[in-house]
Amino acid sequence: MMKEQNLVKHLDACETMGCATTICTDKTGTLTANKMTARSIYVAKNDFSCNDPSVHLGDSVKNDPHSPSNETIMLISSLIAINTMDETTVKFEDNTLAEATGNPTEVALLMLVHQLGHNYQEIRDSTRGRSDKGDLSEFLVEGKQISFSSARKMMSWVVPKKDGYRIYCKGATEVVVARCTHELVHNHSGDSAVEIDSEARQDISNVAETYAKRGMRTLALAYKDVAHDVDFDIKSETLLNSDGSEALAIETELVFVALVGIEDPLRKEVPGAIEKCYNAGIDVRLVTGDSQNTAVSIAYQAGILKDFHFVNPAAEKIAHNLKHNVLMEGKTFRRKVYRIDEDGNKEFDQTAFDAIWPHLRVLARSSPDDKLTLAHGLNQSMLFTDRKTCFRLKKEDNITIFPDRQ
């Protein structure tokens, strides 16, 4: 095991691992190579997708006859450069990525900025409220970061302008788009913001679904200009965060700029490893923060999902084609496995959990707490003692409950 770079501090841990009947795995960096690259972008009602691995997405965008205006390309570059963490950096030598540190998703975005012809560091260093270099460093306190959290599924950065502030936002597609009231469109005089309607929202949703079916993670980019006297702490009266808490008003009524599709290829050894697990009687479940269709695409490529998990195996391998409870979103999972007592406190419902987990193979848009709940519920489950249910699951769905305890 040491030769395979597996450090075991306690030998009895080997025995414990040898008794495993279920593996709950993350996606990014575990099933996938964690080498993210932007391969598609939807901006100004145009979809730019690059299917040739030898061609950069940025070059494809710039060379397209429907390429967005230079102002929009600069807006996208500024939005990304300003609204990424300082810990995320990229360095290029001879136009080739030589070094990258930090969040892999942000690395992919900064690479896109470079491909679009801009230097993210120069943009940061020349932006008041974001720059910590030279004369502008004294104005750094004028900027405001609203950090990413699993509760909000987005992050923002506020920087001062001459007539107020501009807030740059990026995050989960469905979260950011729901907060947008306008979108950038292309017209004869360039690209301008117009009110977003239901048809435009559906177009964005359709593009996001297309990207997800190709196994790509999608991120939405947006911005908003506000006055100098804005209250950064005031809460929205209508919109809620993903966890049900009140959203910040400053992160609402945004202008939708772009939707980015980021590819993270599957590790080549994963499908074989998953198959070995199944042959050994070990169930594998994917637990990820990605969208449903992205998770389904990766799970099917990895072999976690099989043809028999789909209602129609001959049809497209998408979320809506999966059988009941094979796929679930975190918010639905939480609602089903927790009950609220008379005092308003949440209480875990093992019986409800036991009705779900035998079928569950993919938990999408999940939070860290969802992962803990899943592991806890599996650990505590005594479903294997219910012979009648075990027999029914085996007969109807070929599901074996904890084979080592049967």
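In the block above lies the structure referred to throughout.
An account of the accompanying structure is given in this report. As the structure is a prediction and not an experimental result, all values here were calculated from the model.

Each value, and the rule that gives it
Residues numbered from 1 in each chain as written. Predicted model: local features only at pLDDT ≥ 70, side-chain atom pairs only at ≥ 80, totals over all residues. Heavy atoms only, no water. Helix = DSSP H or I, 4+ residues; strand = E, 2+ residues; numbered from the N terminus. Buried < 20%, exposed > 50% of the residue type's maximum accessible area, 1.4 Å probe, protein only. Lys, Arg positive; Asp, Glu negative; His and termini not counted. Charge placed at Lys NZ, Arg CZ, Asp CG, Glu CD. Phe/Tyr/Trp six-rings, centres within 6.5 Å; stacked < 30°, edge-to-face > 60°. Lys NZ or Arg CZ within 6 Å of the ring centre and 35° of its normal. Salt bridge = Lys/Arg side-chain N within 4 Å of Asp/Glu carboxyl O. Pairing = 2+ DSSP bridges. Axes fitted to C-alpha atoms, helices over the stretch in contact; angles between N-to-C directions. Contact = heavy atoms within 4.5 Å. Expected span 1.5 Å × (residues − 1). Polar contact = N/O pair within 3.5 Å; in protein donor to acceptor, adjacent residues only side chain to side chain. Left-handed = near helix turned anticlockwise from the far one by under 90°. Nonpolar A, V, L, I, M, F, W, Y, C, P; charged D, E, K, R; others polar.

1. Section: the overall build of the protein chain
- Each helix and strand in the protein chain was counted, giving 13 helices and 19 strands.
- Overall, the C-alpha framework of the protein chain stretches about 70 × 55 × 45 Å when taken along its three principal axes.
- Put simply, the protein chain has 406 residues, and 47% of those count as buried.
- Positive and negative charge centroids in the protein chain, built from 48 and 60 side chains respectively, lie 6 Å apart.

2. Focus on the packing of aromatic side chains
- One pass over the structure, following the stated rule, counts five aromatic pairs.
- Ring centres of Tyr165 and Phe232 lie 5.3 Å apart, and the angle between their planes is 75°; on these two criteria the pair is classed as edge-to-face. With Tyr165 in strand β8 (residues 164-172) and Phe232 in the loop between β11 (217-226) and β12 (235-240), this residue pair connects regions lying 67 residues apart in the sequence. The same class applies to Tyr165 and to Phe232, which are both buried.
- Taken together, the ring pairs connect Phe333, Tyr338, Phe348 and Phe353 into an aromatic cluster.
- The ring of Phe310 has Lys317 sitting right over it, with the charged end atom 5.6 Å from the ring centre.

3. Here we look at the pattern of salt bridges
- What the rule picks out here adds up to 25 salt bridges.
- Of the charged contacts in the structure, one is a salt bridge between Arg152 and Glu251, with a shortest N-O distance of 2.2 Å. With Arg152 in the loop between β6 (144-146) and β7 (154-161) and Glu251 in the loop between β13 (246-248) and β14 (254-263), the pair connects residues that are 99 residues apart, well separated along the chain.
- For Glu251, a relative accessible area of 0% puts it in the buried group.
- In this structure, a network of salt bridges that share partners links the residues Lys27, Arg217 and Asp290.

4. Overview of the sheet that holds strand β1 (residues 22-25)
- Spatial ordering of the open sheet is given by β1-β15-β19-β16, a layout of four strands whose pairing is parallel. Edge strands, defined here as strands with exactly one partner in the open sheet, are β1 and β16 (327-329). This sheet shows a mean twist of 15° between the axes of neighbouring strands, independent of strand direction.
- Relative to strand β19 (residues 362-364), strand β15 (residues 283-287) runs parallel, the two being bridged by two bridges. Looking at the pairing, Leu286 lines up with Val362 of β19.
- Against the sheet, helix α10 (residues 330-337) makes contact with β16 and β19, and its axis sits at roughly 90° relative to β16, the strand it touches most.
- Of the strands in this sheet, β1, β15 and β19 touch helix α12 (residues 368-380), which is tilted by about 180° from β1.

5. Observations regarding helix α4 (residues 104-115)
- For α4, which comprises twelve residues, the first-to-last C-alpha distance of 17 Å matches the rise-based estimate of 16 Å (1.5 Å per residue) to within 8%.
- The element α4 is extensively covered by neighbouring structure, given that ten of its twelve residues are classed as buried.
- Along α4, the positions that sit buried rather than exposed are Thr105, Glu106, Val107, Ala108, Leu109, Leu110, Met111, Leu112, Val113 and Gln115.
- For α4, the N-terminal capping position is held by Asn103, with its side-chain oxygen 2.8 Å away from the main-chain nitrogen of Thr105.

6. Digging into the environment of Cys169
- Its location among the elements puts Cys169 in strand β8.
- Along the chain, Cys169 and Ile399 lie 230 residues apart, while their C-alpha atoms are 44 Å from each other.

7. Focus: the environment of Glu174
- For Glu174, the location among the structural elements is in helix α6 (residues 173-178).
- Sequence separation between Glu174 and Ser291 is 117 residues; the distance between their C-alpha atoms is 9.2 Å.

8. A closer look at helix α9 (residues 292-302)
- α9 sits mainly inside the fold: eight of its eleven residues count as buried.
- Of all the positions in α9, only Asn293, Thr294, Ala295, Val296, Ser297, Ile298, Ala299 and Ala302 are classed as buried.
- If you follow the buried residues of α9, they end up packed against α7 (198-213), β11, α8 (270-279), β15, β16 and β19.
- Note on α9: the residue one or two positions beyond its end, Gly303, has a positive phi of about 95°.

9. Digging into the pairing of strand β9 (residues 180-187)
- Both β9 and β14 contribute to a ladder of three bridges, which runs parallel. Bridge pairing in β14 links Glu183 to Phe256.
- The pairing of β9 with strand β10 (residues 190-195) spans six bridges and is antiparallel. Considered in β10, the bridge of Val185 is made with Ser192.

10. With respect to the packing of helix α3 (residues 70-82) against α4
- Taken N-terminus to C-terminus, the directions of α3 and α4 make an angle of 145°; their axes are 9 Å apart at the nearest point. Here the hand of the crossing between α3 and α4 comes out left-handed. Residues Ser77, Ile80 and Ala81 of α3 touch α4, and the partners they reach there are Leu109, Leu110, Leu112 and Val113.
- Its residues placed into classes, the contact of α3 with α4 shows six nonpolar, one polar and no charged.

Nothing here speaks to function; it is geometry throughout.
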